Every structure is written in C-alpha cells, then in structure tokens.
Amino acid sequence: MSFVHGPLLWGLGLISVPLIIHLLNRRRFVVVRWATMEFLLAANKKNRRRVRLEQLLVLLLRMLAVALIVLAVSRPITSSGALLFLPGARDRVERVVLLDDSGSMAYREGRASAFERGRALLQRLVDDLRQERSGDVLSAWRGSRRQHDLLQAPLDSRVDDWLRQLGEQGPAQASWDPVSALKEVLAQLSQASDAPAQKVVYILTDLRARDWLGRDGLVPRALGEVILGAPEGTRFLVVDVGSPALGNLGLTVLTPAERLATVGVPLEVTIRIANRGDQPVIDVPLVLEAGQSRVPLPPVGRVPPGEEVEVRHRTTFERPGVHALSVQLPADALPLDDRRWLALQVSERLKVLLVDGEPGDGGPLTDETDLLRLVLSPGEDVVTGVEPVVVSPERIPEDLTPFAAVIACNLDRWPPDRLQALERWVERGGGLGLFLGDRVDPAAWERDLWRQGQGLLPCAVGERLEAETLEAAPAVLPTEEQHPLTEVFRGDKNPFLRRLRGRIRRACPVDERLDQGTRVLLRWADGERSPFLLEKDRGKGRVVMFNTTADLAWSPWPKDPSFLITAQELVRLLAPPATAGRNLALMEPLERGINPARFEPLAGLHLPGEEQPRQLHAVPRTGSDALWFSFAETARAGLVRLEMRPRQGAEPHSEVWAVNVDPSEGETARADPGRIQPALEGAQVKFLSAGAEESLLRATDGSRTELWRSALVALLVALALEQVLAWRAAHHAPPGQASAPSSEPAPSQPAGVTA
C-alpha cells in the first residue's frame, strides 16, 4: 500500500487525543461522601461492567474516527493484485527485465523511438516499485549481450546509473534472438540459490516478425519450450513498444560485381535498395563516397513496396592498396540501414606462384610451367594483371601471403617442411591449383596431401590410365555445371569438348564417405567416368585439381584456346576476392597477422563514433610465426582503421575494414501475438501493447485503487456507532427499574453530583 500524501500520516498521532481527554476527565473530580446517593450508587454498581464496556467502545470509535480522517486526507492506494498474494503480499519479488536493444528499436515515430519508449516504461516501473514494493530486487539484461547488466540489485543508485547509461548509449546495431536471450536469462536466474522465489520477467521489444516468428515460423515453438522450462510460478509480460505501421527504405547490398579489383581497371559495384513499406518511393537520391570525394548518383526512379531495386555503378582506382566506398540514402525513421560501407583490396598485379616440378633443359617451352606462364602473362603488349613467379620445389617460400594463388605442376611431393605452412595459408583463404604428371608420387601425395580425405587433396590419385593413341583417348563429357571453370565447356555441341582429349590420366577415385567436400566439375568420357576437374573447399580457401598436365605430355589441351581461358579463370577463382577479410558483420572479430620483423606489436585501432584510438597488442598463436592483432567488439557500423608502426621508422601503415549491419535488421514487419500465444499454452505469459504512460507494475500486480472514499464511508459508520453507544452509555433507566439498595457501605462519589 502507498499514499498520495504520505507525510500526512504523522497525523495518526492525533488518535491519542480522545484517550488523553478521557484520562484527564477521570482525574479532575474530588471524591466526597453523599448519603442521599446511596440508592443510585447501588443501581450503578449493578451495571458498572456494562457501562465501562460501552464507554471503552465509545473511546475506541472516537480514536478510529480520528485515524480514518487522517487516512482519508492521506489518500491510501492499494493494488488488487497485492490482495491475491495474501498472506505473503510483502514477500520479495525479483523483477527481471529483458530489453530488446537491437537496431530496429531505433525506429522513430514522432518524438520517441521504440527504445526510448521502452526506457520510459522501465523508469516508471522503478519509480512504482520504490513507492509500493521497495523490498523487491531488479535483474536486467540487454538482448544484444550475453551477460546481465544488473543481478538482484536493490532499487538504489545502481538502477539509476543503469537507466542513465541506457539513455546515453541507445540501442545497439546488432540483431537479437529472443529465444537464445531468454534461455540465457533463465539459465542464470536458476543458478542463484538466494534469489527470491517469486519472479516476474518483463520483455520489452518491438515485436518484429523476423525475431518472434522467424523465416520458417518455428520461433514460437522454441520460445514455448524455453518459457515452459522456467522456474515454477515465473510470470512473463511481453511488452510491445513498437510502432503499429512501419515503412522503411534501406540499403541491403553494396558489393563488387567482380571478384578482383585492379589499378586502372573500372570496377562495377552493385547496390540494392529495399522498400519495406506499403507505398512506392519515387526519385530516391543516392550518394557514393570514395575516399574524400562524394559523387551523387542518378536518382532511382521508383522502388515498389515490398521489393528491391538494383543499381550498378563503375568506379576506377588509381593506386593499389585498401580502398573504402560507401553509399548513402537520405535519413528516414530508421537510419540504421541508410548507409553501407565496402572495403576493397586493389592490386596493381596479382602475384601467382608457379611451382615447376619438372624443369627443362633451358630450351623454349621445355619447363613444365612454360605454357601456363605464357597464357597468364603473354608479354608487355597484353596486360592481364597477373605476375607469375616460377620456382622449383626446393625454393618454395615459407611465407605464401604475398601470393594471390599457388599452382603446382607435376610435383613429385610437397616439401615436408613447407606442408604445414601451405595448409595454414589455404585455410586462411589461399587458393591452390594442382596439375598432375609423370613425376607425381601417388603414395606421397595420398600420404601428405590427401590423408584419407582430411588433407588438401580432393581425392586419391589412383592408378594410371593410358590410351594407345590420341584418337582413342577419351574426350570430356558435356556439362551443365554452373561454375567459372566450366563455362567454356558448357553445351552438348561445344567444340572444345571434342578437342580436349586425355591420352594419359589418373583414376582419381572419389570416395563418397571420405571425400564429402569434393565436387567433380568435369569428367572424362572413359568407361570409369574418371574425374577431369575437381574442387574442394578448405577453411576459407579452396583447392582445384586437373587430372592432366600443364604441358603437352598427357594431352594437347595446353595448345587449345580453352586452356588460356581456363587458366585465367583459375587465377581469378583461386585468388582471394578483393573484399576478402575486409568486410565484417557486426560483432565479427577483426584479425590481422603481421610479420614481427616488419611491424611493432603495438597498433592503434580507430573505431566508428570514438574520438580516441584503442591500443591493440599483437600476440603469438600456436602454429604460426606471425603475431596477430585481434578485436572482437565491432559493435558499430562504419569504417575501422588499424594504424601499425613499421620497425624501420617509416610512416605508419594504415589498413581499413568495413563493418555493416545485418540487412534484415531493417525489416519492419511485425508479429501478431495471436500466432505466438498458442505455443505458450500452459505458461503465465501476457502480451501488452504499451504506451509511454503504461505502468508495468500495474500490468503484472493489478490496478491501483484509492481508498479515501472507503475511509470516508468507514468514518461515517464509526461516527454513527459512536453516537449510538454514547447515547446508550448516558441513558438513565425509568423510575421503578432501579434495583434495591445494597447493605454494603456507600462508595465514594465525585463531589457536585445531584440526584
């Protein structure tokens, strides 16, 4: 119970006034003997107990009347829900707040966003608890975090500090999963042995369909399983603080249309705009930023409701290095998805390491890699953007990071002291190409590179297959495979299929159990349908193997135009894309390995929205000679710049990463509670669509009622009873009803009493 005018309760001390008056009246009379009153005293003695009881009741009613007057002016307030908990109405309750602070909560309708409305409701909840339930404790989680902000905190300054931080920080930009968040909350609550038995969970959210229903509509079932597993008696209140009708125009894609970016070569970028409203949007302006320049793009004529529109634009880079682009829409009610960033690694030339397993005698086109080197870099007159570097197996460098791709041709075995470095390089995004040949040692390849499907090799090498003549050799089977390396061979009547023949080849058996990650892109048209082209992903990189040689030893293919096309596509496929490792999702860790001989292990990290850089220290990792900078808290979209210090005293070296929000965070379609509630049957869950003035405490504990009217009614009843009892106590019996005088001596009687 609380009071509107609580300080007036000090007036309850006035209930002592009738008692004081009663005591004073008993002491102010002088007792004298008066013989004529003996008959009346005898009658009074007979009714003394009844009279005293009536006088006591009159006194109590007068005291009650004073108390009721004080209560009426103090205006007491109680809640109907509190009465339901009697006699344990004052037991402590743990109030648990789970706040949806995902990016969509920043959607602003009028003067307040959904997040600000949620914070206002929490402030009112805290104020109401301090007035009515000051013994309760508060636990609080934010949906984007895995740890609590408050745990069984009393309603003191810590709660005020938390509310102030919410107002200063605002919503996060990341998405949230209500099922996972609620599971984490309930798991931590159940671990606290000294927590109050009664718990009320408040979930404040904008109730987006993406979060509460999911793409497949299975979220309510998973949510029901979590809630039904909560501690017995836990009550849930899902508070909808979102806007009823939402429209939003947002950017969903900013990506290059090509894998590689090269100096001086125009690069086409793709931009996609989504209209999440129910009305078309006309003449949408776009601004492209590249470095310090801002280029207005032609307006998008029309974006239909519920659809996406694609825009393409070409831009050219004049110098190598990491470059950043961004595209921006005009600000709207949800600024979260009005801008996207893109970071690109622009290369002057792609360095490709060619490992020659069978060097020639120095004559023209006698090396195993000569034909491959020529098609990748024909000469100064033809610019392909590729710089092949030919080495023998003994000269394979340990550090492969300078190379966009590695292609090994007719290698007997990979040097054992370079094998781990090769595997780490591929797993981190490197591309490895393999050509077979007579020098290949199948046992060594299968032992070191295949390892029963656990290594880099797509499959075992298998036995040698050989046709007597080239005319009897099998060609390549037609394919409809959608892949960059097979485009030149598509179609049943493709002439390249007939000209590509393999007089010598290997069986290359693919074991469905061991080689589960292997894809056969092309096959020879022999009886075994042995693979010709295979691909396997490994970590972030990939391995491509050709069941033929890079020279003319096994096949005349290197003289065919399709070989030139395939070789160039192979480099594009194996080379890391220009965006590789430079574009991160929110909360995706940023990692950068450095050569400790070139850079200091201390760097500055500049984050979006922060004026001062953070200091990062590079640390070693098991199995790596490099030192690694790592940062896991990429919580804000924008450009992140890492400033490293070279050891030679040169200018600081800066690199850029782009961090973007999940495009689906801009989806504003809302969930109907009617689709969620059937999965929550049996649980104490209530849905509430709340305005800023709603009281969460009233919603869970019942509505408040002022009792001043009841106090006035009770006052009138008390005064009426007091008058009746006072009259009865002062009433004299009619003549003839007095009792006969007693033989006992007359007691003392107050002076001044007359018959």
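In case you missed it, the structure is sitting above this.
Here is a short report on the structure shown in this document. (Residues numbered from 1 in each chain as written. Predicted model: local features only at pLDDT ≥ 70, side-chain atom pairs only at ≥ 80, totals over all residues. Heavy atoms only, no water.)

Some words on the overall build of the protein chain
Stage number 1. The number of helices and strands found in the protein chain is 17 helices and 38 strands.
Stage number 2. In the protein chain, which comprises 755 residues, the share counted as buried stands at 46%.
Stage number 3. Considering only residue pairs separated by 6 or more positions, the protein chain has 74% of its internal contacts joining residues 24 or more positions apart.
Stage number 4. When the accessible surface of the protein chain is split by element, carbon and sulfur atoms take 53% of a total near 38200 Å². (Helix = DSSP H or I, 4+ residues; strand = E, 2+ residues; numbered from the N terminus. Buried < 20%, exposed > 50% of the residue type's maximum accessible area, 1.4 Å probe, protein only. Contact = heavy atoms within 4.5 Å. Areas by Shrake-Rupley, 256 points an atom, 1.4 Å probe, with all protein chains shown as cover.)

Quick word on a nonpolar patch on the surface
Stage number 1. Judged by side-chain polarity, Leu53, Leu56, Leu57 and Leu60 come together as a nonpolar surface patch covering roughly 350 Å² of accessible area.
Stage number 2. Examined against the element boundaries, Leu56 turns out to sit in helix H3 (residues 48-74). (Patch = residues over 30% accessible without salt bridge, like charges linked within 9 Å, V, L, I, M, F, W, Y side chains within 5 Å. Salt bridge = Lys/Arg side-chain N within 4 Å of Asp/Glu carboxyl O.)

Focus on helix H14 (residues 561-574)
Stage number 1. Given a rise of 1.5 Å per residue, 14 residues ought to cover 20 Å, and the 20 Å separating the end C-alpha atoms of H14 matches this to within 8%.
Stage number 2. Buried residues of H14: Ser562, Phe563, Thr566, Ala567, Leu570, Val571, Leu573 and Leu574, and no others. (Expected span 1.5 Å × (residues − 1).)

A look at the pairing of strand S9 (residues 198-205)
For a regular strand, the rule is simple: side chains alternate between the two faces of the sheet.
Stage number 1. Burial of S9 is extensive: seven of the eight residues sit out of reach of the surface.
Stage number 2. Across six bridges, S9 lies against strand S10 (residues 235-240) in parallel orientation. Each bridged residue has a counterpart across the sheet, and for Ile203 the counterpart in S10 is Val238. (Pairing = 2+ DSSP bridges.)

Comments concerning the pattern of salt bridges
Where charged atoms from two side chains of opposite charge approach closely, those side chains can pair.
Stage number 1. One pass over the full model with this rule turns up 50 salt bridges.
Stage number 2. Arg145 is the partner of Asp149 in a salt bridge, and the nearest nitrogen-oxygen pair spans 3.5 Å.
Stage number 3. You can call Asp149 partly exposed: its relative accessible area is 21%.
Stage number 4. Put simply, Arg215 and Glu667 hold a salt bridge, and the shortest N to O gap is 2.9 Å. Here the residue Arg215 occupies a position in the loop between helix H8 (209-212) and helix H9 (219-228), and Glu667 occupies one in the loop between strand S35 (653-660) and helix H15 (673-676), the gap between them amounting to 452 residues.

Description of H9
Stage number 1. Looking only at H9, the buried set comprises Val219, Pro220, Leu223, Gly224, Val226 and Ile227. The buried side chains of H9 occupy one side of the element, clustering within an arc of 165° when seen end-on. For H9, exposure combined with an orientation more than 90 degrees from the buried face picks out Arg221 and Glu225. (Arc of directions from axis to C-beta.)

Here's the deal with the packing of helix H5 (residues 114-132) against helix H6 (residues 157-169)
Stage number 1. The contact between H5 and H6 brings their axes to 10 Å, and the two run at 170°. Regarding the angle of H5 to H6, the classification is roughly antiparallel. In terms of crossing hand, the pair formed by H5 and H6 is left-handed. Together, Phe115, Arg119, Leu122, Gln123, Val126 and Arg130 of H5 and Val159, Asp160, Trp162, Leu163, Arg164, Leu166 and Gly167 of H6 make up the contact between the two elements.
Stage number 2. Along the lines of polarity and charge, the residues of the contact of H5 with H6 split into seven nonpolar, two polar and four charged. (Axes fitted to C-alpha atoms, helices over the stretch in contact; angles between N-to-C directions. Parallel < 35°, antiparallel > 145°, perpendicular 65-115°, else oblique. Left-handed = near helix turned anticlockwise from the far one by under 90°. Nonpolar A, V, L, I, M, F, W, Y, C, P; charged D, E, K, R; others polar.)

What about the sheet that holds strand S13 (residues 267-275)?
Stage number 1. A sheet is described by the order of its strands in space; here three strands give the open sequence S11-S13-S16, paired in antiparallel fashion. Only two strands of the sheet have a single partner each, and these edge strands are strand S11 (249-256) and strand S16 (308-315). Across the sheet, the mean angle from the axis of one strand to that of its neighbour is 20°, orientation sign disregarded.
Stage number 2. Across eight bridges, the pairing between S13 and S16 is antiparallel. Within the sheet, the bridge partner assigned to Ala274 lies in S16 and is Glu308.

Points about empty space enclosed by the protein
If a probe as big as a water molecule is rolled over the atoms, it shows which places are left empty.
Stage number 1. Here the structure, examined in full by the defined rule, presents three cavities of 30 Å³ or more.
Stage number 2. Here the second largest cavity is characterised by a volume of approximately 70 Å³.
Stage number 3. Ser104, Tyr107, Ala114, Asp206, Arg208, Gly242, Ser243, Leu246, Thr668 and Arg670 are the residues that line the second largest cavity.
Stage number 4. Its residues placed into classes, the lining of the second largest cavity shows three nonpolar, four polar and three charged. (1 Å grid on protein atoms, 1.4 Å probe; cavity = no way out; pocket = protein on both sides within 12 Å on 5 of 7 lines; lining within 4 Å. Points joined across faces, edges and corners; volume = space filled by probe spheres on them.)

Topic: the packing of aromatic side chains
Stage number 1. A full pass over the atoms with the stated rule returns eight aromatic pairs.
Stage number 2. Judged by centre distance (4.7 Å) and plane angle (65°), the ring pair of Trp524 and Phe532 falls under edge-to-face. Of the two residues, Trp524 and Phe532, neither departs from the other in class, the shared state being buried.
Stage number 3. Taking 5.8 Å as the distance between ring centres and 40° as the angle between the ring planes, the aromatic pair formed by Phe546 and Trp557 counts as tilted. In this pair, Phe546 sits in strand S27 (residues 541-546) while Trp557 sits in the loop between S27 and H14, placing the two residues eleven residues apart along the sequence. With respect to burial, Phe546 and Trp557 carry one shared label: buried.
Stage number 4. Chaining the aromatic ring pairs together yields one cluster made of Phe435, Phe489, Trp524, Phe532, Phe546, Trp557 and Phe563.
Stage number 5. Stacked on the ring of Trp657, the Lys or Arg Arg582 has its end atom at 4.5 Å from the ring centre. (Phe/Tyr/Trp six-rings, centres within 6.5 Å; stacked < 30°, edge-to-face > 60°. Lys NZ or Arg CZ within 6 Å of the ring centre and 35° of its normal.)

Here we look at the state of the cysteines
Stage number 1. All told, the structure shown has zero disulfides when counted by the stated rule.
Stage number 2. Here Cys508 stays unpaired: no disulfide links it, and the sulfur of Cys459, its closest cysteine neighbor, is 4.5 Å away. (Disulfide = S-S within 2.5 Å.)

Side note on the pairing of strand S19 (residues 350-356)
Stage number 1. The buried fraction of S19 amounts to six of the seven residues, a majority that puts the element mostly inside the structure.
Stage number 2. Summarising the sheet, S19 and strand S20 (residues 386-391) pair through six bridges and their orientation is parallel. Its bridge partner lying in S20, Lys351 is registered against Glu387.
Stage number 3. Alignment of S19 against strand S21 (residues 405-409), held across five bridges, turns out to be parallel. Note on S21: the bridge partner recorded for Val352 is Ala405.

Focus on the environment of Leu64
Stage number 1. Checked against the element boundaries, Leu64 lands in helix H3.
Stage number 2. A sequence separation of 654 residues divides Leu64 from Ala718, and the C-alpha atoms of the two residues are 7.1 Å apart.

Thoughts on the sheet that holds strand S26 (residues 531-538)
Stage number 1. The strand order across the open sheet formed by seven strands is S20-S19-S21-S22-S27-S26-S25, and the pairing between neighbours is mixed. The sheet is open, and its two borders are formed by S20 and strand S25 (518-523), each paired with just one other strand. Strand-to-strand twist in this sheet, taken as the mean axis angle between neighbours without regard to direction, amounts to 20°.
Stage number 2. Packed onto the sheet, helix H11 (residues 416-427) meets S21, strand S22 (431-435), S26 and S27 and runs at close to 115° relative to S27.

Quick look at the side chain of Thr486
Stage number 1. Within the secondary structure layout, Thr486 lies in the loop between strand S23 (464-466) and helix H13 (495-499).
Stage number 2. The class for Thr486 is buried, based on a relative accessible area of 0%.
Stage number 3. Ignoring sequence-local partners within four residues, the contact set of Thr486 consists of Thr479, Glu481, Leu521, Leu522 and Leu533.

Description of the nonpolar core
Stage number 1. Membership of the largest hydrophobic core comes to 36 residues, with the highest contact counts inside it found for Leu372, Ile407, Phe435 and Phe532.
Stage number 2. Sorting the residues of this core by element identifies S19, helix H10 (370-376), S21, H13, S25, S26, S27 and H14 as the ones contributing at least two each.
Stage number 3. The element contributing the most residues to this core is H14, with six residues.
Stage number 4. Setting aside residues no more than four positions away along its own chain, Phe532 makes contact with Val476, Leu500, Leu522, Arg523, Trp524, Met545, Phe546, Asn547, Thr548 and Trp557.
Stage number 5. If you look at the next biggest cluster of nonpolar residues, it comprises 33 residues, including Val391, Leu400, Cys459 and Val461. (Core = buried A, V, L, I, M, F, W, Y, C linked by side-chain atoms within 4.5 Å.)

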